[in-house]
Amino acid sequence: MKHSFKNLSYPELKAKREELKKKYMEFRFRIVIGHVDNPLQRRTLRRQIARLNTLIHAHDRAEQKAARKVAEV
């Protein structure tokens, strides 16, 4: 189940990443305690966080590239 994060703005991406990180940490605690219904959700959360990190990084790189072009002119 891939979630499409491409239509989110930069601040929304960062907020969503923080939300998923908190959810992942809570999930890890539940794994230690032993109250987990779906252990594969851990992998899904990690992958969603990675997708968000990729989009955030791409946005940062695009801003850097735009800033360099403005500085050259």
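Note: the structure precedes this text.
Residues numbered from 1 in each chain as written. Predicted model: local features only at pLDDT ≥ 70, side-chain atom pairs only at ≥ 80, totals over all residues. Heavy atoms only, no water.

Draft legend 1. The arrangement of the overall build of the protein chain in detail. Each helix and strand counted, the protein chain has two helices and zero strands in total. A compact globule built from 73 residues would reach a C-alpha radius of gyration of about 11 Å, whereas the protein chain, at 16 Å, exceeds it by more than 25%. For the protein chain, the C-alpha atoms occupy an extent of roughly 60 × 20 × 15 Å along the three principal directions. Across the 73 residues that make up the protein chain, the buried fraction comes to 15%. If you take every contact in the protein chain between residues at least 6 apart in sequence, the share linking residues at least 24 apart comes to 60%. Distance from the positive charge centre (19 side chains) to the negative charge centre (8 side chains) of the protein chain: 7 Å. (Helix = DSSP H or I, 4+ residues; strand = E, 2+ residues; numbered from the N terminus. Rg over C-alpha atoms; globule rule 2.2 N^0.38 Å. Buried < 20%, exposed > 50% of the residue type's maximum accessible area, 1.4 Å probe, protein only. Contact = heavy atoms within 4.5 Å. Lys, Arg positive; Asp, Glu negative; His and termini not counted. Charge placed at Lys NZ, Arg CZ, Asp CG, Glu CD.)

Draft legend 2. Geometry of the packing of helix 1 (residues 10–33) against helix 2 (residues 41–72). It is the contact of helix 1 with helix 2, at a shortest axis distance of 9 Å, that shows an interaxial angle of 155°. With respect to helix 2, the axis of helix 1 lies roughly antiparallel. Taken as a pair, helix 1 and helix 2 cross one another with a handedness that is left-handed. Mapping the contact onto sequence places Tyr10, Leu13, Lys14, Lys16, Arg17, Leu20, Lys21, Lys23, Tyr24, Phe27 and Ile31 in helix 1 and Gln41, Arg42, Leu45, Arg46, Gln48, Ile49, Leu52, Asn53, Leu55, Ile56, His59 and Asp60 in helix 2. Looking at the contact of helix 1 with helix 2, its residues break down into 11 nonpolar, four polar and eight charged. (Axes fitted to C-alpha atoms, helices over the stretch in contact; angles between N-to-C directions. Parallel < 35°, antiparallel > 145°, perpendicular 65-115°, else oblique. Left-handed = near helix turned anticlockwise from the far one by under 90°. Nonpolar A, V, L, I, M, F, W, Y, C, P; charged D, E, K, R; others polar.)

Draft legend 3. Representation of a positive patch on the surface. Residues Arg28, Arg42, Arg43, Arg46 and Arg47 make up a contiguous surface patch of positive charge. For the positive patch, the element with the most residues is helix 2, which contributes four residues. Its location among the elements puts Arg47 in helix 2. Taking relative accessible area as the criterion, Arg47 reaches 47% and is therefore assigned partly exposed. (Patch = residues over 30% accessible without salt bridge, like charges linked within 9 Å, V, L, I, M, F, W, Y side chains within 5 Å. Areas by Shrake-Rupley, 256 points an atom, 1.4 Å probe, with all protein chains shown as cover. Salt bridge = Lys/Arg side-chain N within 4 Å of Asp/Glu carboxyl O.)

Draft legend 4. View of the environment of Glu19. Inspection of the secondary structure assignment puts Glu19 in helix 1. A relative accessible area of 45% means that Glu19 is categorised as partly exposed. Taking the C-alpha atoms as reference points, Glu19 and Ile49, separated by 30 residues in sequence, lie 9.5 Å from one another.

Draft legend 5. Quick look at the nonpolar core. Membership of the largest hydrophobic core is limited to nine residues, which are Phe5, Leu13, Leu20, Tyr24, Phe27, Leu45, Ile49, Leu52 and Ile56. The set of elements that each furnish at least two residues to this core consists of helix 1 and helix 2. Sequence-distant contacts of Tyr24, defined by excluding residues within four places in its chain, comprise Arg42, Leu45, Arg46 and Ile49. (Core = buried A, V, L, I, M, F, W, Y, C linked by side-chain atoms within 4.5 Å.)

Geometric values such as these leave the question of function open.
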